[in-house]
Amino acid sequence: MLTDVQALVYSTYLTLAMLLTASVLRARAWAPPGLVIALGNRDDVPPPTALAARADRAGKNMLEGLLLFVAAVAAARYAGVTQEKVELGATLFFWARVVYFGVYLAGIPYLRTAVWAVATVGTFMIARAAL
């Protein structure tokens, strides 16, 4: 099980990885012209491929989910909730979000939503413990 702080830190790293992946895919930064785009002002970014668009949406969704997760963890901490009451929710959130990214990139729609729901349940478990 992860502690809430571990899940927060790992989720921060995961969010950064998701956003960087989306950026690299969109700019096609593995090739010299794409690297120029990625390091520049991005005025002439090519249209996103389907994979790049999914990576972008997954990253933006992670930012939204992370905001709610941070609020729930902060509320639980403020309320003095014991670590045991938040570990399962924190662990669910983080690992479901790891799976979510892979599933979203693979383009599996219904599974993506189910995995998202698991992560959201993790957040609500922590928020519920804070009441």
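Before going into details, it helps to say that this report is about the structure given with it.

Definitions and cut-offs
- Residues numbered from 1 in each chain as written.
- Predicted model: local features only at pLDDT ≥ 70, side-chain atom pairs only at ≥ 80, totals over all residues.
- Heavy atoms only, no water.
- Phe/Tyr/Trp six-rings, centres within 6.5 Å; stacked < 30°, edge-to-face > 60°.
- Helix = DSSP H or I, 4+ residues; strand = E, 2+ residues; numbered from the N terminus.
- Buried < 20%, exposed > 50% of the residue type's maximum accessible area, 1.4 Å probe, protein only.
- Lys NZ or Arg CZ within 6 Å of the ring centre and 35° of its normal.
- Core = buried A, V, L, I, M, F, W, Y, C linked by side-chain atoms within 4.5 Å.
- Contact = heavy atoms within 4.5 Å.

## Structural notes on the packing of aromatic side chains
Applying the stated criterion to the full structure yields 4 aromatic pairs. Between Phe69 and Phe93 the ring centres are 4.1 Å apart and the planes differ by 5°, which places this aromatic pair in the stacked class. Taken together, the residues Phe69 in helix α3 (residues 50-78) and Phe93 in helix α4 (residues 84-106) connect sequence positions 24 residues apart. On the accessibility criterion, Phe69 (0% relative accessible area) is buried. A relative accessible area of 1% places Phe93 in the buried class. Seen from their ring centres, Phe94 and Trp95 are 4.8 Å apart, and the 75° between their planes marks the pair as edge-to-face. Its relative accessible area of 8% is what places Phe94 among the buried residues. Judged by its relative accessible area of 47%, Trp95 falls in the partly exposed class. The ring of Tyr100 carries Arg97 above its face, with NZ or CZ at 4.9 Å from the centroid. Here the guanidinium or amino end of Arg112 rests over the ring plane of Tyr104, the centre of that ring lying 4.6 Å away.

## Examining unusual backbone geometry
The residue Arg28 is not glycine, and still its phi comes out positive at about 60°. Summarising the element assignment, Arg28 is placed in the loop between α1 (4-27) and α2 (32-39). A positive phi angle is found at Arg42, which is not glycine, with a value near 60°.

## Regarding the nonpolar core
The biggest cluster of nonpolar side chains holds 24 residues, and the ones touching the most others in it are Ala7, Met18, Ala58, Phe69, Ala76, Phe93 and Ile126. Per-element tally for this core: the top contributor is α4, with 8 residues. When near neighbours in sequence (up to four residues on either side) are disregarded, Ile126 contacts Phe69, Ala72, Val73, Ala76, Val86, Gly89 and Ala90.

Any functional reading would require information that these geometric values do not contain.
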